[in-house]
Number of protein chains: 2
Amino acid sequence: MARARSSNSVGIVTPQSLQVAEPLPLDCGKSFGPYELVYETYGELNAARSNAILVCHALSGNHHAAGYHGPDDDKPGWWDKCIGPGKPFDTDRFFVVCPANLGGYQGSTGPGDHNPATGRPYGPDFPVVTVADWVRSQRLLQQHLGIDCWAAVAGGSLGAMQVMQWSIDYPDALRHALVIAAAPRLSAQNIAFNEIARQAIVTDPEFHGGRYYEHGVVPRRGLMLARMLGHITYLSDEAMRAKFGRDLRGGRINYGFDVEFQVESYLRYQGQSFVDRFDANTYLLMTKALDYFDPAARADGKLAQAFAPALARFLVISFTSDWRFSPARSREIVDALVDAGKHVSYAEITSDVGHDDFLLTMPHYVRTLNGYLDRVAEEAGV
Amino acid sequence: MARARSSNSVGIVTPQSLQVAEPLPLDCGKSFGPYELVYETYGELNAARSNAILVCHALSGNHHAAGYHGPDDDKPGWWDKCIGPGKPFDTDRFFVVCPANLGGYQGSTGPGDHNPATGRPYGPDFPVVTVADWVRSQRLLQQHLGIDCWAAVAGGSLGAMQVMQWSIDYPDALRHALVIAAAPRLSAQNIAFNEIARQAIVTDPEFHGGRYYEHGVVPRRGLMLARMLGHITYLSDEAMRAKFGRDLRGGRINYGFDVEFQVESYLRYQGQSFVDRFDANTYLLMTKALDYFDPAARADGKLAQAFAPALARFLVISFTSDWRFSPARSREIVDALVDAGKHVSYAEITSDVGHDDFLLTMPHYVRTLNGYLDRVAEEAGV
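Criteria and thresholds
Residues numbered from 1 in each chain as written. Chains lettered and ligands numbered in written order. Predicted model: local features only at pLDDT ≥ 70, side-chain atom pairs only at ≥ 80, totals over all residues. Heavy atoms only, no water. Helix = DSSP H or I, 4+ residues; strand = E, 2+ residues; numbered from the N terminus. Rg over C-alpha atoms; globule rule 2.2 N^0.38 Å. Contact = heavy atoms within 4.5 Å. Lys, Arg positive; Asp, Glu negative; His and termini not counted. Charge placed at Lys NZ, Arg CZ, Asp CG, Glu CD. Pairing = 2+ DSSP bridges. Axes fitted to C-alpha atoms, helices over the stretch in contact; angles between N-to-C directions. Buried area = accessible area lost by both parts, 1.4 Å probe. Salt bridge = Lys/Arg side-chain N within 4 Å of Asp/Glu carboxyl O. Least-squares fit on C-alpha atoms with pLDDT ≥ 70 in both. Buried < 20%, exposed > 50% of the residue type's maximum accessible area, 1.4 Å probe, protein only. Polar contact = N/O pair within 3.5 Å; in protein donor to acceptor, adjacent residues only side chain to side chain. Parallel < 35°, antiparallel > 145°, perpendicular 65-115°, else oblique. Left-handed = near helix turned anticlockwise from the far one by under 90°. Nonpolar A, V, L, I, M, F, W, Y, C, P; charged D, E, K, R; others polar.

## Examining the overall build of chain A
Here is step 1: A tally of helices and strands in chain A yields 11 helices and 14 strands.
Here is step 2: Against the compact-globule benchmark of 21 Å for 382 residues, chain A has a radius of gyration of 21 Å, which places it among compact chains.
Here is step 3: If you take every contact in chain A between residues at least 6 apart in sequence, the share linking residues at least 24 apart comes to 71%.
Here is step 4: A distance of 2 Å separates the average location of the 35 positive side-chain charges in chain A from that of its 43 negative side-chain charges.

## Side note on the sheet that holds strand E5 (residues 52–56) of chain B
All names here are of chain B.
Here is step 1: The strand order across the open sheet built from 8 strands is E1-E4-E8-E5-E11-E12-E13-E14, with neighbouring strands paired in mixed fashion. Because the sheet does not close on itself, it has two edges, and the strands there are strand E1 (16–20) and strand E14 (344–349). Ignoring which end each strand starts from, the neighbouring axes of this sheet average 20° apart.
Here is step 2: Across the face of the sheet, helix H1 (residues 131–144) comes into contact with E1, strand E4 (35–42), E5 and strand E8 (95–99) while running at roughly 60° to E4.

## Some remarks on the interface of chain B and chain A
Here is step 1: The interface of chain B with chain A comprises 54 residues on the first partner and 53 residues on the second.
Here is step 2: For the pair chain B and chain A, the summed buried surface comes to about 4,600 Å²; carbon and sulfur atoms form 68% of the total.
Here is step 3: Three residues, Arg246(B), Tyr255(B) and Phe257(B), lead the burial of chain B against chain A; their summed loss comes to 17% of the area buried on that side.
Here is step 4: For the interface between chain B and chain A, the tally reads 10 salt bridges.

## Comments concerning the relation of the copies chain B and chain A
Here is step 1: Structural alignment of chain B on chain A gives an RMSD of 0.0 Å, achieved by rotating through 180° and translating 0.0 Å along the axis. Here the copies are linked by what is in effect a two-fold axis.
Here is step 2: A shared interface surface links the copies, since 98% of the contact residues of chain B are contact residues in chain A too.

## Focus: the environment of Thr130(B)
Here is step 1: Summarising the element assignment, Thr130(B) is placed in the loop between strand E10 (120–121) and H1.
Here is step 2: Residue Thr130(B) is classed as buried on the basis of its relative accessible area, which comes to 5%.
Here is step 3: Counting along the chain gives 230 residues from Thr130(B) to Leu360(B), while the straight-line C-alpha distance between them is 27 Å.
Here is step 4: Apart from the residues within four sequence positions on either side, Thr130(B) is in contact with Tyr255(A), Asp27(B) and Ala289(B).
Here is step 5: A polar contact is formed between the side chain of Thr130(B) and the side chain of Asp27(B), at a distance of 2.7 Å.

## Here's the deal with the packing of helix H3 (residues 188–202) of chain A against helix H5 (residues 220–234) of chain A
To characterise two packed helices, one gives the angle between the axes of the helices and the distance between these axes.
All names here are of chain A.
Here is step 1: For the pair H3 and H5, the least separation of the axes is 7 Å and the interaxial angle reads 165°. By the criterion of interaxial angle, the relationship of H3 to H5 is roughly antiparallel. The element H3 and its partner H5 pack so that their crossing is right-handed. Here Phe193, Ile196, Ala197, Ala200 and Ile201 of H3 come into contact with H5, specifically with Gly222, Leu223, Leu225, Ala226, Leu229 and Thr233.
Here is step 2: Looking at the contact of H3 with H5 residue by residue, the classes come out as 9 nonpolar, 2 polar and no charged.

## Some thoughts on the pattern of salt bridges
Here is step 1: Applying the stated criterion to the full structure yields 46 salt bridges over all chains.
Here is step 2: One salt bridge in this structure joins Glu348(A) and Arg331(A), with 2.7 Å as the shortest N-O distance. One end of the pair, Glu348(A), is in strand E14 (residues 344–349); the other, Arg331(A), is in helix H10 (residues 327–339), and 17 residues separate them in sequence.
Here is step 3: Taking the relative accessible area as the measure of exposure, Glu348(A) reaches 32% and is therefore partly exposed.
Here is step 4: Under the relative-accessibility criterion, Arg331(A) is labelled partly exposed at 35%.
Here is step 5: It is possible to trace a salt-bridge network through shared partners that takes in Glu195(A), Arg198(A), Lys288(A), Asp291(A), Glu260(B), Glu264(B) and Arg268(B).

Keep in mind these values describe shape, not function.
See the structure below:
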């Protein structure tokens, strides 16, 4: 029996597809194509085509940001808490567009797809893609949809990096930039976490140099470890303490190597279930895109100079319990925007969960988004 | 040609060994033995036998805390910066004893050693040992050496946990307890890191259920990942930034999966070199001992109550840049000691490196140790 939908869900949605014949020029110097961009939309584009918001996804996200894929689907899109009627990204007012990034899994063209040039899956032949490459492809989608200017571009984490890149590369194609739980570039520690995740994957004997599809296996162990490691950085120490403490799964110590503490059980479950819904080559590509993002590097190391071309107004949001991209990293972005003479609002949300807070709906966070998006709607005439 | 020794080195040292026939009762309920305790000593025991200091090692340490193993040895013991003539643990005054813990590698009896009951290496048959088990075995060593009361017991990290356990289990067998870079028990996040390290090892196909010795292999990949992960927690984000920043190894981005950032190169080197000098089963055992340490658990969850039997005076030292065991964790120990009415001095050392700071010699740290150990020496009559 179909699950009852709450009245503020966008309901059942169907992914759409844009086939692009023209190869996409990439930062690495190669071109890539033909390729497919898969995306979803929620709400209606108004006649003036002024109410479109682009939502960019993070490492493990895809085009399915809100709603359900069928009557029996019980897992909504990844940002369903914030996208829908009456929610911050209010689909009664906005036309929300969320594309899957190139290199992803079960969305836009990615390493698991058929490579027409070789007759086998891309695997390691899939080019290394960057945040700027993704933004370049999203620009084509914008044009395909007949939208001259996004009312806003929004995203958290790796998604927020795409937002910043949009403001720099296509200044007149967006009016507002919502940069949530972001950093202007990864720290050495951030890169270190990514590198260990990658090493876990590539040293898995079932990785087969990235050609595991052809061997009928997946590097389960490596991808599981990568995801477990990711989870440590997504949750604050306090959140882990509140959620698990040192609770023992069986109630007492068993002096062995089976799961003992609840946190072990949680991490193993998270790691194992991820393997069934994600691709190892995609994980490698996404972490590389994170590592490479560094707009200041092309502006003599000066972030303010990198933002110089931007015309958008910015909302920057950080979360106090986020230790992956701490508020201090967001303040680097705010400081650079101020130095560059841009319009910027900044909110530091008191939170508990950690980096994943951007997916949730703490009252202060929702009030901040609502207040800002009211202004965006007003300007869009909706 | 032999390397010139600095005048404040203990010089060339030879490990000693204590064979124990009597099985050691363990927290897990089993007994273990016969076994060997390997240890080193530096300095001379005085006639009153009042100047002995026990040094307890941490996760990857062993009995070789100071000096060199031969004229061509260019790698001193793990705490050589702090142990030697004129150093904080001044071997002109103190008789310093450092045993290797049971379950270790190339020291006291461990999982790689021959199991007389089966005729093959212990491997997974080696019992899960705890901090209290180690302290119980160290007590036998103390008696073997004819020492009634240590002038002090000292250690950092997992070593500091042994120091706390000594103060609780053998109150009249030590006069001072030096608890450095410690936590009263692991947080859920600490356990999570350990669990990922263990999963990396046990899911390595060359782990063979812990019987890799018999297969002529070692779980290199898993142990390498575990060590890389450990390194992230030993260094502060700031230290990684200062050491590596986002420096590129080849000077420019190569859009590929070879080592690009210096921090990647560093971590891979650390991981790979660790495999040649450490044992995977030992890593599992050491992380479990860390996870299990929780003296409050046996005192209704009250740490102050756990410390009630202690007679030692305490010096607790933490480091501001340590995020594995932050100063807040050390203050939990200090607060509990104060609540329990114990003598405790506390120093929070401003530092940059992170958890590994306890192995270094920042001036404030050395002054703190020197000042405290002067008092210990005075009481010991040396």
